[in-house]
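Observations on the three-dimensional arrangement
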Amino acid sequence: MVAVKKGFIVCLFWAIVTTTWAKEDSTFISKQQEDEIINLAYTQMMTSLEELERKIDECDNLGKYNILSPTLFQSLPLTKQEARTALGYFSLRAQDECEGLGLWAKVAVEYSQFKYIEKFYKGKNIIETEGYLEIICCMISRTRFYTKWKYLKISPEIRKKLERIPALQKPFNSTTTAEKMGLF
């Protein structure tokens, strides 16, 4: 416990010192240097965003032609609504797994860092970022949580069986699959 307290105190001290140094440092740089720092943060964010876009396209292409068998759920006592819910849930989950939530998190953090740095040096955010944070973080979140919430209402025994189906673990074309299963 003493070691934890000492570690916490050292970390707190280091944070205060580095913050003080950063404030002192920032008062001695030119407007051009400020712009270069802002540009560095912006470029880093955009590079990661482009990487994420490539990964999204790659995962979409992996799933585009992967249409699951219409008989996939025949042995499970699922209603049509539960089958639609399961398809939606596993489609989102496989897409997340393929894209990597770490990459999404990296982009969100770099976006936040860029906005902070820009505001720190300019006093306000100037560069238009088209609501990237809402897109990166939150636009799809509502659907994901709603789908997961509905999925968790399916009985645990059936969910265990669903989670053991290999075809549901990789990206697939959920729309065409649902049509072939007669779920629309």
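This write-up is about the structure you can find in this document.

Calculation rules
- Residues numbered from 1 in each chain as written.
- Predicted model: local features only at pLDDT ≥ 70, side-chain atom pairs only at ≥ 80, totals over all residues.
- Heavy atoms only, no water.
- Phe/Tyr/Trp six-rings, centres within 6.5 Å; stacked < 30°, edge-to-face > 60°.
- Helix = DSSP H or I, 4+ residues; strand = E, 2+ residues; numbered from the N terminus.
- Buried < 20%, exposed > 50% of the residue type's maximum accessible area, 1.4 Å probe, protein only.
- Lys NZ or Arg CZ within 6 Å of the ring centre and 35° of its normal.
- Contact = heavy atoms within 4.5 Å.

**Details of the packing of aromatic side chains**
Tallying each qualifying case throughout the model produces 7 aromatic pairs. Between Tyr89 and Tyr151, the aromatic rings sit 3.9 Å apart at their centres with planes inclined by 5°, giving stacked as the arrangement. Placement of the pair is Tyr89 in helix H3 (residues 80-99) and Tyr151 in helix H6 (residues 141-151), with a sequence separation of 62 residues. Assessed through its relative accessible area of 13%, Tyr89 is described here as buried. Consider the rings of Tyr116 and Phe120, whose centres lie 6.1 Å apart with planes at 25°: the pair is stacked. Taken together, the residues Tyr116 and Phe120, both in helix H4 (residues 101-122) and 4 residues apart, mark about one turn of the helix. Put simply, the rings of Tyr89, Phe90 and Tyr151 touch in pairs and so form one group of aromatic residues. Cation over ring: Arg159 sits above Tyr151, and NZ or CZ is 6.0 Å from the ring centre.

**Re the environment of Ile67**
Here Ile67 shows up in the loop between helix H2 (31-64) and H3. With a relative accessible area of 37%, Ile67 lands in the partly exposed category. Residues Ile67 and Phe172 lie 105 residues apart in sequence; the distance between their C-alpha atoms is 5.9 Å. Once you skip the residues sitting within four places of it in the chain, Ile67 turns out to touch Asn173, Thr176, Thr177 and Lys180.

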